[in-house]
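Summary of structural features
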Amino acid sequence: NLPDDAISIHNLSKKFKNPNGKGFFYALDNVSLSIPRGSIFGLLGPNGAGKSTFINILAGLTIKTSGEAVVWGNNIDKHPKASRSSLGVVPQELTIDPFFTPKESLEQQAGLYGVRPKDRNVDYILNMLDLDDKAEAYSRTLSGGMRRRLLVAKAMVHRPPILILDEPTAGVSPIVMDELFDHIIKVKRTNVAILMVEQNAKQALNISDRGYVLVTGENKYTGTGKELLNDPRVRSSFLGG
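Residues numbered from 1 in each chain as written. Predicted model: local features only at pLDDT ≥ 70, side-chain atom pairs only at ≥ 80, totals over all residues. Heavy atoms only, no water.

**Examining the environment of Asn-47**
- Along the chain, Asn-47 turns up in the loop between strand S3 (40–44) and helix H1 (51–58).
- Among the residues examined, Asn-47 registers a relative accessible area of 63% and is labelled exposed. (Helix = DSSP H or I, 4+ residues; strand = E, 2+ residues; numbered from the N terminus. Buried < 20%, exposed > 50% of the residue type's maximum accessible area, 1.4 Å probe, protein only.)

**Focus: the packing of aromatic side chains**
- Applying the stated criterion across every chain, the model contains two aromatic pairs.
- Note on Phe-41 and Tyr-212: the rings are 4.9 Å apart at their centroids and 35 degrees apart in plane angle, and the pair reads as tilted. In this pair, Phe-41 sits in strand S3 while Tyr-212 sits in strand S9 (residues 210–215), placing the two residues 171 residues apart along the sequence.
- Given a relative accessible area of 1%, Phe-41 falls into the buried group.
- Tyr-212 sits in the buried class, given a relative accessible area of 10%.
- When the ring centre of Phe-16 is taken as reference, the NZ or CZ atom of Lys-14 above it lies at 5.0 Å. (Phe/Tyr/Trp six-rings, centres within 6.5 Å; stacked < 30°, edge-to-face > 60°. Lys NZ or Arg CZ within 6 Å of the ring centre and 35° of its normal.)

**Topic: the environment of Glu-167**
- Structurally, Glu-167 can be placed in the loop between strand S7 (162–166) and helix H6 (174–188).
- Of the residues examined, Glu-167 reaches a relative accessible area of 9% and is grouped as buried.
- Sequence separation between Glu-167 and Asn-200 is 33 residues; the distance between their C-alpha atoms is 8.3 Å.

**Let's talk about the environment of Asn-75**
- Looking at the secondary structure, you find Asn-75 in strand S5 (residues 74–75).
- Taking C-alpha positions, Asn-75 is 9.9 Å from Ile-9, a pair spaced 66 residues apart along the chain.
- Those residues within four positions of Asn-75 in sequence are excluded, and the remaining contacts are Glu-68, Ala-69, Val-70 and Pro-80.
- In terms of polar contacts, Asn-75 uses its side chain to reach the side chain of Glu-68, at 3.4 Å. (Contact = heavy atoms within 4.5 Å. Polar contact = N/O pair within 3.5 Å; in protein donor to acceptor, adjacent residues only side chain to side chain.)

As C-alpha cells, this is what we get:
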C-alpha cells in the first residue's frame, strides 16, 4: 500500500556548535510537518532559516539531533537506503556535463541508479519537460531554463515518488521562472510529491498545495499556499506587504 504522506516529520531538531566554540545553536528546532502524496509543498524562509539543513537530513548528508523523519513509509534511521532511493534531488547548482547531450546525461544517470536499459523512460521524461527537440544537442548549447529542466529530468530517471527542488528558480529570469513552475505542475500531475525549497515566496506559494515558513529553525507559519499568501504576517515579513 502507498503511504498517505510522502514525507512525515515529527519534532525534528538539529543543533550545531557555535562558531566561537561556546555552546550550541539550533538550525532546526522541533519542526513537524507532513507532505501528502502527489502534492506540491513549499518550504520557505530567509537565508539561515534551516531549509538546507532540512534537505540534508532527508538526503542522508546530515545526521539529525532528535525527532523522527519518515520518507515514503521508511524511517530514515531504520531504513536509510530505502528512504534515500525514494528521493530525486534537484540541486541549486547547475551540475550538468556540457559535453553530454540531455539524452546521454539521463542514460548515464539511469545507469548510476542501476536502472536497466529496458526499464528506462528517458524519452518520456525528455518529452514531459519539453527537452525532446534538444535531446541530441550538447548541453552547453541549452538555455538557462532548459538547463534547469534538465536537472529535474536527471532527478526523475529512477522514478522516485518524491522530488526535492532546492531553489529551482535561483538565477533565472521571471519568464523562465514561470515556465519552470509550469513544468513543476506537470510533474506533480504524474502523482509525484514535490518539496520545493524557495526564497521566492510569492511565486512558490502560488503553485503550492501547502506551505511552511521556517524562521531561525522554527516552524513559524503553516497553511495552504493561498492561506499563506493572504496571511498579513507572511505578507509583511516575506511578500513585501
